[in-house]
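Chain residues, written in single-letter form:
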Amino acid sequence: MMDSRYIAMWSGPRNISTAMMRSWENRADTIVVDEPFYAHYLANTEYEHPAKQDIIAHYENDWRKVAQQLIAPLPDGISIYYQKHMTHHVLPHMEKDWMLNVTNCFLIREPRRVLLSFSKVIPNPTIEQTGLPQQVELFEFVHHQTGQVPPVLSAKDVLVNPRGALTTLCEAINIPFDEAMLLWRAGKRDSDGIWAKHWYKSVEASTEFMFYQDDNTPIPEHLGDILAECDDLYQQLEQYRLLK
């Protein structure tokens, strides 16, 4: 157990979280898990998501059992357990103490780009659906409980310079960088959630992180207020962004 590393990467939706999971899974020393609290989230909210009932039926709904699985001993030959988490899946009634047994990292993306992506699918997202309030709350919990500033990784930095950003992240959490994190084979993964067929088409076609491109598309006027809220929350995290 002392040689094992458990990495919880906390992201909001419409980020590069699945590509990041691909990157870590391509290491020979690593196994991954895809949004382990998703079934509990769906079972305890009114949101309608594709394959909702199938997800609830297929995965563990008890968040306490899931949390125990996330800190369980690793298989022989595996030293890293990379966990892709969605911040909005952590509901108010869920205790957070299990997080003190893992290395918590935070993946952030510019709110304007998040909302532009959201507006194509969900015309009027709530602030909670962005995951930003929960991300700030989880960051503050870890910061307060450990006395340490957890690593904050910018999606833009990863896309602009994958090698540099991932090397900096690995240094921050005291894990050697692995070249295998930069390229992976295209296709599906057994580790993907059963929701992959609804969301992962572009990632399944990918073999590396997509190159960052500027997007000057104007934000819809009706999203102006929520963008201002999101920007305030984002700045609370962005100030701690890892820099090479």
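Anything mentioned here points back to the structure above.
Worth saying up front: this structure is predicted, and the values here are computed from it rather than measured.

A short note on the overall build of the protein
No. 1: Scanning the protein from N- to C-terminus turns up eleven helices and five strands.
No. 2: In summary, the protein has a C-alpha radius of gyration of 17 Å against a globular reference of 18 Å for 244 residues, a match within 12%.
No. 3: On the principal axes, the C-alpha backbone points of the protein span a range of 55 × 40 × 40 Å.
No. 4: Considering only residue pairs separated by 6 or more positions, the protein has 80% of its internal contacts joining residues 24 or more positions apart.

Considerations on the nonpolar core
No. 1: The biggest cluster of nonpolar side chains holds 45 residues, and the ones touching the most others in it are Trp10, Phe37, Leu70, Trp98, Met99 and Phe106.
No. 2: Broken down by secondary-structure element, the contributors of at least two residues to this core are strand 1 (5-11), helix 2 (38-43), helix 3 (52-58), helix 4 (63-69), strand 4 (103-108), helix 6 (132-146) and helix 11 (224-238).
No. 3: Beyond its immediate chain neighbours, meaning those up to four positions away, Trp98 contacts Trp10, Phe37, Ala67, Leu70, Ile71, Gln83 and His85.
No. 4: Formed by 27 residues, the second largest nonpolar core is a distinct cluster that contains Ile16, Leu153, Leu159 and Leu182.

Considering the packing of aromatic side chains
No. 1: Going through the model one piece at a time under the given rule, you end up with ten aromatic pairs.
No. 2: Measuring from centroid to centroid gives 6.1 Å for Tyr6 and Tyr81, while their planes differ by 65 degrees, and the two rings are edge-to-face. Here the residue Tyr6 occupies a position in strand 1, and Tyr81 occupies one in strand 3 (residues 80-86), the gap between them amounting to 75 residues.
No. 3: The class of Tyr6 is buried, set by a relative accessible area of 6%.

Let's talk about the pairing of strand 2 (residues 30-34)
No. 1: The buried fraction of strand 2 amounts to four of the five residues, a majority that puts the element mostly inside the structure.
No. 2: Sheet topology places strand 2 next to strand 3; five bridges connect them, and they run parallel. Each residue of the ladder has a partner; that of Ile31, found in strand 3, is Tyr81.

Examining the sheet that holds strand 3
No. 1: What the five strands build is an open sheet, ordered 2-3-1-4-5; its pairing is parallel. One side of each edge strand has no neighbouring strand; the edge strands of this open sheet are strand 2 and strand 5 (152-154). Averaged over all neighbouring strand pairs, the angle between strand axes comes to 25 degrees, with direction disregarded.
No. 2: Of the pairings in the sheet, the one linking strand 4 to strand 5 comprises three bridges and is parallel in character. In the sheet register, Phe106 faces strand 5, and the bridge partner there is Val152.
No. 3: Against the sheet, helix 1 (residues 17-25) engages strand 1, strand 2, strand 3, strand 4 and strand 5, with an angle of about 175 degrees to strand 3.
No. 4: Together, strand 1, strand 4 and strand 5 form the strand contacts of helix 6, whose direction differs from that of strand 4 by roughly 150 degrees.

Criteria and cut-off values
Residues numbered from 1 in each chain as written. Predicted model: local features only at pLDDT ≥ 70, side-chain atom pairs only at ≥ 80, totals over all residues. Heavy atoms only, no water. Helix = DSSP H or I, 4+ residues; strand = E, 2+ residues; numbered from the N terminus. Rg over C-alpha atoms; globule rule 2.2 N^0.38 Å. Contact = heavy atoms within 4.5 Å. Core = buried A, V, L, I, M, F, W, Y, C linked by side-chain atoms within 4.5 Å. Buried < 20%, exposed > 50% of the residue type's maximum accessible area, 1.4 Å probe, protein only. Phe/Tyr/Trp six-rings, centres within 6.5 Å; stacked < 30°, edge-to-face > 60°. Pairing = 2+ DSSP bridges. Axes fitted to C-alpha atoms, helices over the stretch in contact; angles between N-to-C directions.

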